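Fold and geometry: a report
Below are the chains, spelled out letter by letter.
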Amino acid sequence: MSLAIHQVSKYYGKQAALENVSFRLNGGEIAGFLGPNGAGKSTLMKIATGFLAADHGFAEVNGQRMNEMNVEVRRMIGYLPEHNPLYPDLYVKEYLRFVAGMYHLGRRTKPRVDEMIERTGLTHEYKKRIGELSKGYRQRVGLAQALIHDPNVLILDEPTTGLDPNQLEEIRQLIREVGQEKTVLFSTHIMQEVKALCQRVIIIHQGHIVADGTEQMLTHDINDGHYETIVEFDRPVSTEALRSIDNVSDAKALSPTLYHVQSAADVRADLFRFAVAYGYVILTLKQQEHSMEEVFKELTLK
Ligand SMILES: Nc1ncnc2c1ncn2[C@@H]1O[C@H](COP(=O)(O)OP(=O)(O)OP(=O)(O)O)[C@@H](O)[C@H]1O
């Protein structure tokens, strides 16, 4: 169960939407795909799902090369496009049966349609026409059609846009569950979503991948060997004494017992040993971390 993007480039006229993009996702991995507007996320997702041809490079699903004509490989992939195109005149069940028919589910159609209606929380709305549904429920229908043929790889283009906070949490929970057994790539502009769902974060900017790793790796990378720690003792400590700790470059008092320590390495253990050696009690010890928002800005505002 894998999705591999091999040196993909795509041009719209002279404009490069993607240039030499590569990454690989393995089974059971949920990856958040981030990037500013126009960065190339939807274009890459369309190429990965076989809806658009790359000018160079290719996508591979479970080791098989994706192309528009290869029905077998397209069957391994579920796709929720950005604007979630649906047929407003069809009833929810009717539409899901239609999609199941396209995948030739045959006798599995009825149980799969019923299961998808339940899993995506459509039980109270499935008797309506799609055009009568609210945006959040339409989004659920989009997810149900993406999952109906039980694909190995799921590609979701901004699946939670426009959902209310309750719906947001339910859809995230569904993505979490699906991600335990499938490979999921989803795009979003919501940073908390990345924190809540992803083991892996891929950031694209102007058609190039500018970061790929775990959230911890990315937030750590922009620290660039510069650490900031907040430490609180039970009584005042001299800042001179704190500055004498290995790797500490500066220490400032924020209050009589609270200090801001700058260092070239993680000095939390050293601060602890210092406290023990001199009989202080540490009440607070916290390394300041850069947030995903800061990482995103740092990498995409250039
Ligand atoms: N059909 C098209 N014809 C011409 N240019 C296009 C077309 N589709 C996309 N582009 C351009 O390619 C670039 C990448 O667009 P894309 O939709 O992939 O970005 P995105 O990261 O999904 O953006 P957003 O977050 O706004 O949805 C943009 O500059 C866009 O204007």
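Residues numbered from 1 in each chain as written. Predicted model: local features only at pLDDT ≥ 70, side-chain atom pairs only at ≥ 80, totals over all residues. Heavy atoms only, no water.

Some remarks on the domain arrangement of the chain
Where we set the bar: What fixes the domain bounds is an automatic or database domain assignment. Any pair of residues with heavy atoms lying within 4.5 Å of one another is described as a contacting pair. Two parts placed together each lose some accessible area; with a 1.4 Å probe, that loss summed over both constitutes the buried area. Think of a salt bridge as a Lys or Arg side-chain nitrogen and an Asp or Glu carboxyl oxygen that are within 4 Å of each other. In protein, a polar contact means a hydrogen-donor-capable atom and an acceptor-capable atom, both N or O and within 3.5 Å, with residues adjacent in sequence counting only if both atoms are side-chain atoms; elsewhere, any N or O pair within 3.5 Å suffices. Charged residues are taken to be Asp, Glu, Lys and Arg, nonpolar residues to be Ala, Val, Leu, Ile, Met, Phe, Trp, Tyr, Cys and Pro, and polar residues to be all remaining types, Gly included.
As far as domains go, the chain holds domain 1 (2-213) and domain 2 (221-297). Its C-alpha centre places domain 1 at a distance of 43 Å from the equivalent point of domain 2. Across the boundary between the two partners, domain 1 contributes six residues, which contact four residues of domain 2. Both sides together, the interface formed by domain 1 and domain 2 hides about 480 Å², and carbon and sulfur atoms give 90% of it. When the buried area of domain 1 at its contact with domain 2 is split by residue, P36, M191 and I203 rank highest and sum to 70% of it. Counting across the interface, domain 1 meets domain 2 through zero salt bridges. Run the count over domain 1 and domain 2 and you get zero residue pairs in polar contact (both at pLDDT 80 or more). Among the residues making up the side of domain 1 that touches domain 2, the classes are represented as five nonpolar, one polar and no charged.

A closer look at unusual backbone geometry
Backbone phi values are negative for most residues with the exception of glycine, while trans is the configuration of most peptide bonds. Spelled out, the test is: Under the DSSP-based scheme used, a helix requires at least four consecutive residues in state H or I and a strand at least two consecutive residues in state E, with every element numbered from the N terminus. Three labels apply to residues, based on accessible area from a 1.4 Å probe with only protein chains included: buried if under 20% of the type maximum, exposed if over 50%, partly exposed otherwise in between.
A positive phi angle is found at Q7, which is not glycine, with a value near 45 degrees. Position of Q7 among the secondary structure elements: in strand β1 (residues 2-12). The residue N247 is not glycine, and still its phi comes out positive at about 75 degrees. Examined against the element boundaries, N247 turns out to sit in the loop between α9 (239-243) and β12 (248-253). Of the residues examined, N247 reaches a relative accessible area of 45% and is grouped as partly exposed.

Side note on the packing of helix α3 (residues 92-102) against helix α4 (residues 109-119)
Let me state the cut-off plainly: Comment: axis = line fitted to C-alpha atoms, over the contacting stretch for helices; angle = value between 0 and 180 degrees taken between N-to-C directions. An angle counts as roughly parallel when it lies under 35 degrees, as roughly antiparallel when it exceeds 145, as roughly perpendicular when it falls between 65 and 115, and as oblique in every other case. Helix crossings get a hand from a simple test, with the near helix turned counterclockwise from the far one by less than a right angle marking a left-handed crossing and a clockwise turn marking a right-handed one.
Remark: α3 packs on α4, axes separated minimally by 10 Å, with the N-to-C direction vectors making an angle of 130 degrees. If you check the angle between α3 and α4, you find them oblique. Read as a crossing pair, α3 and α4 show a hand that is right-handed. For the pair α3 and α4, contact is made by K93, L96, R97 and A100 and by T109, V113, D114 and I117, respectively. Classifying every residue of the contact of α3 with α4 by side-chain character gives four nonpolar, one polar and three charged.

What to know about the pattern of salt bridges
Using the criterion set out here, one finds 21 salt bridges in the structure. D150 serves as the salt-bridge partner of K182, at 2.6 Å between the closest nitrogen and oxygen. In this pair, K182 is assigned in the loop between α6 (165-181) and β8 (183-187) and D150 in the loop between α5 (135-147) and β7 (153-157), connecting sequence segments 32 residues apart. On the basis of relative accessibility, which here comes to 6%, the residue K182 falls in the buried class. Judged by relative accessible area, which is 40%, D150 ranks as partly exposed. One salt-bridge network, held together by shared partners, links E240, R243, D250 and K252.

A few points about the sheet that holds β1
Our working rule: The pairing criterion is simple: DSSP has to find at least two bridges between the two strands.
One open sheet accounts for four strands, arranged β2-β1-β4-β5; its pairing is antiparallel. Each having just a single partner strand, β2 (15-26) and β5 (64-65) make up the two edges of the open sheet. Strand contacts of helix α1 (residues 41-48): β1, β2 and β4 (56-61), with the helix running at about 120 degrees to β1, the strand carrying the most contacts.

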